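Topology and contacts: notes
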Amino acid sequence: MTSVSSPDIPLLTLNDGSSIPALGLGLWKIDDAGAAAVMQEGVRAGYRLFDTAAMYNNEAGVGAGIAQASLPRDKLFITTKLWNSRHGYDETMRAFDESMIKLRLDYLDMYLIHWPVAGSEKYIDSWKAFIELRASGRIRSIGVSNFLACHIERLLEETGVAPAVNQIEYHPVFQQPDLAAYNASKNIRTECWAPLGRGAVLERPELLALAAAHGKSPAQIILRWHFDQGFIVIPKSANPERMRQNLAVFDFTLAPGERAVLASMHAGQRTGGDPMTFTGL
Ligand code: A2P
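Residues numbered from 1 in each chain as written. Predicted model: local features only at pLDDT ≥ 70, side-chain atom pairs only at ≥ 80, totals over all residues. Heavy atoms only, no water.

1. What about the side chain of Asn-166?
With respect to the element layout, Asn-166 can be found in strand β8 (residues 165-169). Ignoring any residue separated from it by four or fewer positions in sequence, one finds Asn-166 in contact with Val-144, Ser-145, Asn-146, Phe-147, Ile-152, Leu-179, Asn-183, Ile-188, Arg-189, Thr-190 and Glu-191. (Helix = DSSP H or I, 4+ residues; strand = E, 2+ residues; numbered from the N terminus. Contact = heavy atoms within 4.5 Å.)

2. Some remarks on the packing of helix α3 (residues 89-103) against helix α4 (residues 123-135)
In a pair of packed helices, the angle between the axes and the distance between the axes together describe the arrangement. Relative orientation of the contacting elements α3 and α4 amounts to 50°, with a least axis distance of 7 Å. Here α3 is positioned oblique relative to α4, judged by the angle of their axes. The two elements α3 and α4 cross, and the hand of that crossing is right-handed. Residues Tyr-89, Thr-92, Met-93 and Phe-96 of α3 lie in contact with α4, whose contacting residues are Asp-125, Ser-126, Lys-128, Ala-129, Phe-130, Glu-132 and Leu-133. For the contact of α3 with α4, a count of residues per class yields 6 nonpolar, 2 polar and 3 charged. (Axes fitted to C-alpha atoms, helices over the stretch in contact; angles between N-to-C directions. Parallel < 35°, antiparallel > 145°, perpendicular 65-115°, else oblique. Left-handed = near helix turned anticlockwise from the far one by under 90°. Nonpolar A, V, L, I, M, F, W, Y, C, P; charged D, E, K, R; others polar.)

3. Observations regarding the packing of helix α7 (residues 205-214) against helix α10 (residues 256-263)
Axis separation between α7 and α10 bottoms out at 10 Å; the angle between their running directions is 155°. Here α10 runs roughly antiparallel to α7, going by the angle between their axes. Like other packed secondary-structure pairs, α7 and α10 cross with a definite hand, here left-handed. For the pair α7 and α10, the contacting residues are Glu-206, Leu-207, Leu-210 and His-214 in the first and Glu-258, Val-261 and Leu-262 in the second. Taken together, the residues of the contact of α7 with α10 sort by class into 4 nonpolar, 1 polar and 2 charged.

4. A closer look at the nonpolar core
Among soluble globular proteins, nonpolar side chains are generally buried collectively. Phe-50 and Trp-127 are the most contacted members of the largest nonpolar core, which has 69 residues in total. Looking at this core element by element, the count peaks at 7 residues for α4. When residues no more than four places from it in sequence are discounted, the contact partners of Phe-50 are Leu-25, Leu-27, Met-39, Gly-42, Val-43, Leu-76, Phe-77, Ile-78 and Thr-79. With 16 residues, the next largest nonpolar core counts Leu-12, Leu-49, Trp-193 and Ala-194 among its residues. (Core = buried A, V, L, I, M, F, W, Y, C linked by side-chain atoms within 4.5 Å. Buried < 20%, exposed > 50% of the residue type's maximum accessible area, 1.4 Å probe, protein only.)

5. Quick word on the site of the ligand
Around the ligand sit 16 residues in total, of which Leu-196, Arg-198, Ser-237, Arg-242 and Gln-245 are the nearest. Residue Ser-237 places a side-chain N or O atom 2.6 Å away from an oxygen atom belonging to the ligand. Ala-238 is positioned with one of its backbone polar atoms (N or O) 2.9 Å from an oxygen atom of the ligand. At 3 residues, helix α9 (residues 240-247) tops the list of elements feeding residues into the shell around the ligand. Here the shell around the ligand is composed, by residue class, of 7 nonpolar, 6 polar and 3 charged. (Near = heavy atom within 4 Å. Polar contact = N/O pair within 3.5 Å; in protein donor to acceptor, adjacent residues only side chain to side chain.)

6. Some points on the pattern of salt bridges
With the rule as written, the count across this model stands at 16 salt bridges. Between Asp-251 and Lys-216 there is a salt bridge whose closest N-O contact spans 2.9 Å. A residue pair is termed long-range when its members are at least 10 positions apart, and Asp-251 in the loop between α9 and α10 and Lys-216 in the loop between α7 and α8 (218-228) qualify at 35 residues. Given a relative accessible area of 58%, Asp-251 falls into the exposed group. For the salt bridge of Arg-224 with Asp-228, the shortest nitrogen-to-oxygen distance reads 3.0 Å. With Arg-224 and Asp-228 both in helix α8 and 4 residues apart, the pair spans about one turn of that helix. Among the residues examined, Asp-228 registers a relative accessible area of 26% and is labelled partly exposed. Each of Arg-86, Glu-91, Arg-94 and Glu-98 takes part in salt bridges that share partners, so that together they form one network. (Salt bridge = Lys/Arg side-chain N within 4 Å of Asp/Glu carboxyl O.)

7. Looking at the environment of Asn-58
Position of Asn-58 relative to the elements: it lies in the loop between β4 (49-51) and α2 (59-68). In the structure, Asn-58 is positioned 28 residues away from Ile-30 in sequence and 7.0 Å away in space, judged by C-alpha atoms. A distance of 2.9 Å separates a polar side-chain atom of Asn-58 from the backbone oxygen of Leu-27. Reaching out from Asn-58, the side chain makes a polar contact with the side chain of Thr-52 at a distance of 2.5 Å.

Dropping the structure here:
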């Protein structure tokens, strides 16, 4: 069992009994050469969860970062993801081995199917491979990303095994409360990517007002709002000061009326693909 506690970050329980930090560092757009240094900054700031993907092309750099980290392996929580072109049982096994070599790991904390891939159900065979990899001890927790209820229902019909998390796009101008409620109904944690909307909403007046009221930044207001809903968040920052700032969200609370202000910001503005149409191939 992993013990990824950090003085700053609460742990949340997953449906397989593992614990995951409520907040981690997203590594999208961090290049391979820079990833190790970003991870060192992250570890220094207090991060324990690092979220990468085969598609980010930085797993080798993340592997170097893990090797250089001043923490024992069991203090880190590493997530990576299976890319869309690698779906299918055998291909998933090969892709997993490639990721593990780059990451220099003998076990992975969490492996996610990155997208369901529109027009194909090969994700079901990938899920069967994930279940075996978890049973063999090479992965602690298995999950999915960008899955809708219909995709998760297919996994349940075919295998009876629910993902531990569903990592989905979720930020003030693109909220998916119905999908989050579905996840919760199946005891699946919602993990939010692009929690800051890629930084695009931080100047909105309603956020600036809440930030001023709490002596916090707009980013901190947003991340606290995610936490208050029981979500895991993985804000991306390559900047040490902003990395620290994004962790300092566990020392204040938002009132129900304040959370309602954020809820009212939904505008259907995705920053990424629509799982019903996206293939990424
Ligand atoms: P940077 O890496 O320069 O800090 P998301 O997590 O939604 O993908 O958003 C990431 C974007 O938001 C990046 O451009 C990141 O830039 C920026 N960002 C991250 N944290 C903060 C913060 N606390 N204040 C302002 N911008 C931030």
